[in-house]
Amino acid sequence: MKRTDYISWDEYFMGIAMLSAQRSKDSNTQVGACIVNRENKIVSVGYNGMPTGCIDDEMPWERSAESALDTKYPYVCHAELNAILNSNIGNLSGCTVYVTLFPCNECAKAIIQSGIKKVVYYDNKYADADSTKASCLLFRKCGVEFEQYRPSGKELVLSL
């Protein structure tokens, strides 16, 4: 008799996004993303971090400073963009991205341009920010579905 208490696809993919977020070196916000195709196969993952080739210890990680150039914001690549750029397939049309934080407007544009058709997000703590409102508008105008992840309430337990 087969197990019946296994996790759903949504739980699995959001779990991968959450695990990916743990690779981020950002001390304030760790974000992960997992892109899957129509066959429920993972085609890419990403997390927020400095661009390839930048030495993390030499880059600013602050949220505020006297100059914007001394903060992380002009430099950090977001998880969604990293996942799109890390993709192991050439075409992301029709894919779904699972992301731990609702995408900003810049990532929304990259999601749309890549052909991703659905966003499943864990948290939307910046829902009132203009960049988030712009993302929602862009997604609606361009036919990209978005929905908040709803955990089933099952406790995830590893048994080896």
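In the block above lies the structure referred to throughout.
These remarks concern the structure in this document. All values derive from a computational prediction rather than experimental measurement.

A count of helices and strands for the protein gives four helices and five strands. Tracing the protein from N to C terminus, the helices and strands come up as α-β-β-α-β-α-β-α-β. Its C-alpha atoms give the protein a radius of gyration of 16 Å, near enough to 15 Å, the size a compact globule of 160 residues would have. Along the three orthogonal principal directions, the C-alpha set of the protein runs to about 60 × 40 × 35 Å. A buried classification covers 40% of the 160 residues belonging to the protein. Contacts spanning at least 24 positions in sequence make up 62% of the contacts within the protein whose residues lie at least 6 apart. Accessible surface for the protein amounts to roughly 10,000 Å². Of this, 51% is attributable to carbon and sulfur atoms. Each charge class in the protein was averaged separately, 17 positive and 19 negative side chains, and the resulting centres sit 9 Å apart.

On to the layout of surface pockets. The computed volume of the largest pocket comes to approximately 450 Å³. Lining the largest pocket are 19 residues; nearest its centre among them are T29, Y73, H78, L101 and Y126.

Before going further, it helps to spend a moment on the pattern of salt bridges. Pairing between side chains of opposite charge can happen when their charged atoms approach one another. Enumeration according to the criterion identifies five salt bridges in this entry. Of the charged contacts, one joins D5 and R3 as a salt bridge, the two residues approaching to 2.8 Å between their closest N and O atoms. In this structure R3 comes out as exposed when scored by relative accessible area, which is 54%. Here D26 and K72 are joined by a salt bridge, their closest N and O atoms 2.7 Å apart. Highlighted residues: D26 in the loop between α1 (9-21) and β1 (32-36) and K72 in the loop between β2 (42-47) and α2 (79-85), separated in sequence by 46 residues. What makes K72 buried here is its relative accessible area of 4%.

Definitions and limits used
- Residues numbered from 1 in each chain as written.
- Predicted model: local features only at pLDDT ≥ 70, side-chain atom pairs only at ≥ 80, totals over all residues.
- Heavy atoms only, no water.
- Helix = DSSP H or I, 4+ residues; strand = E, 2+ residues; numbered from the N terminus.
- Rg over C-alpha atoms; globule rule 2.2 N^0.38 Å.
- Buried < 20%, exposed > 50% of the residue type's maximum accessible area, 1.4 Å probe, protein only.
- Contact = heavy atoms within 4.5 Å.
- Areas by Shrake-Rupley, 256 points an atom, 1.4 Å probe, with all protein chains shown as cover.
- Lys, Arg positive; Asp, Glu negative; His and termini not counted.
- Charge placed at Lys NZ, Arg CZ, Asp CG, Glu CD.
- 1 Å grid on protein atoms, 1.4 Å probe; cavity = no way out; pocket = protein on both sides within 12 Å on 5 of 7 lines; lining within 4 Å.
- Points joined across faces, edges and corners; volume = space filled by probe spheres on them.
- Salt bridge = Lys/Arg side-chain N within 4 Å of Asp/Glu carboxyl O.

What is shown is where atoms sit, not what they do.
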